[in-house]
Amino acid sequence: MARHDGGRSALARRIREVRGELYGEHGGPMMAEALRIPCRTWENYEAGVTMSATILLQFIEISGANPRWLLNGEGEKFYRQSRGLRPSSPASQGAAR
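Residues numbered from 1 in each chain as written. Predicted model: local features only at pLDDT ≥ 70, side-chain atom pairs only at ≥ 80, totals over all residues. Heavy atoms only, no water.

Draft legend 1. Inspection of the overall build of the chain at higher detail. When you go through the chain residue by residue, the secondary structure sums to six helices and zero strands. Reading the secondary structure of the chain in the N-to-C direction produces α-α-α-α-α-α. The buried share of the chain, taken over its 97 residues, is 40%. Relative to all contacts within the chain whose residues are 6 or more apart in sequence, the contacts with residues 24 or more apart total 48%. Looking at the chain as shown, the accessible area adds up to about 6000 Å², and 52% of this sits on carbon and sulfur atoms. (Helix = DSSP H or I, 4+ residues; strand = E, 2+ residues; numbered from the N terminus. Buried < 20%, exposed > 50% of the residue type's maximum accessible area, 1.4 Å probe, protein only. Contact = heavy atoms within 4.5 Å. Areas by Shrake-Rupley, 256 points an atom, 1.4 Å probe, with all protein chains shown as cover.)

So, in structure tokens, the structure goes:
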């Protein structure tokens, strides 16, 4: 069994990575909007502030991120296609090319 990483900074790094793939480098405001939270709150989460369970579950639902990968980096990053992408997001435009 793999060692549990436990670090908030590792979780925050993975959350940033998922958000970046969905909404692009500057997509924090779009992720905050999708979660219906203030942008500054989302920025705090990406910086390592503890995220509430409710927000984390909403993030997983919106992003399709694999909870195991978020926790310890094991397995596939996504367990299903995200519902969070918007047609106008930089990430979705790049994927369409």
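Draft legend 2. Spotlight on helix α2 (residues 28-35). Those residues of α2 that sit buried are Gly-28, Met-30, Met-31, Ala-32 and Leu-35. Positioned one or two residues after α2, Arg-36 has a phi angle of 60 degrees, which is positive.

Draft legend 3. Geometry of the pattern of salt bridges. Throughout the structure, instances matching the rule amount to five salt bridges. Between Glu-17 and Lys-77 there is a salt bridge, with the nearest N and O atoms lying 2.4 Å from each other. Residue Glu-17 is found in helix α1 (residues 8-23), and its partner Lys-77 is found in the loop between α5 (67-72) and α6 (90-96); the two are separated by 60 residues along the sequence. A single network of salt bridges, built from pairs that share partners, joins Glu-17, Glu-21 and Lys-77. (Salt bridge = Lys/Arg side-chain N within 4 Å of Asp/Glu carboxyl O.)

Draft legend 4. Structural context of the side chain of Arg-19. Relative to the elements of secondary structure, Arg-19 occurs in helix α1. On the basis of relative accessibility, which here comes to 7%, the residue Arg-19 falls in the buried class. One polar contact links the side chain of Arg-19 to the main-chain carbonyl oxygen of Gly-24, over a distance of 2.6 Å. Among all residues touching Arg-19, those that are not within four sequence positions of it are Gly-24, Glu-25, His-26, Gly-27, Gly-28, Met-31, Trp-42 and Glu-46. (Polar contact = N/O pair within 3.5 Å; in protein donor to acceptor, adjacent residues only side chain to side chain.)

Draft legend 5. Highlighting the packing of aromatic side chains. One pass over the full model with this rule turns up two aromatic pairs. When the ring of Trp-42 is compared with that of Tyr-45, the centres are 6.2 Å apart and the planes differ by 90 degrees; the resulting orientation is edge-to-face. In this pair, Trp-42 and Tyr-45 are both assigned in helix α3 (residues 39-46), three residues apart and thus about one turn of the helix distant. In terms of burial, Trp-42 and Tyr-45 fall into one category: buried. (Phe/Tyr/Trp six-rings, centres within 6.5 Å; stacked < 30°, edge-to-face > 60°.)

Draft legend 6. Layout of the environment of Asn-66. Looking at the element boundaries, Asn-66 is found in the loop between α4 (53-63) and α5. Judged by relative accessible area, which is 16%, Asn-66 ranks as buried. It is 6.6 Å that separates the C-alpha atoms of Asn-66 and Glu-76, two residues lying ten residues apart in sequence. Excluding residues within four positions of it along the chain, Asn-66 makes contact with Gly-75, Glu-76, Lys-77, Phe-78 and Tyr-79.

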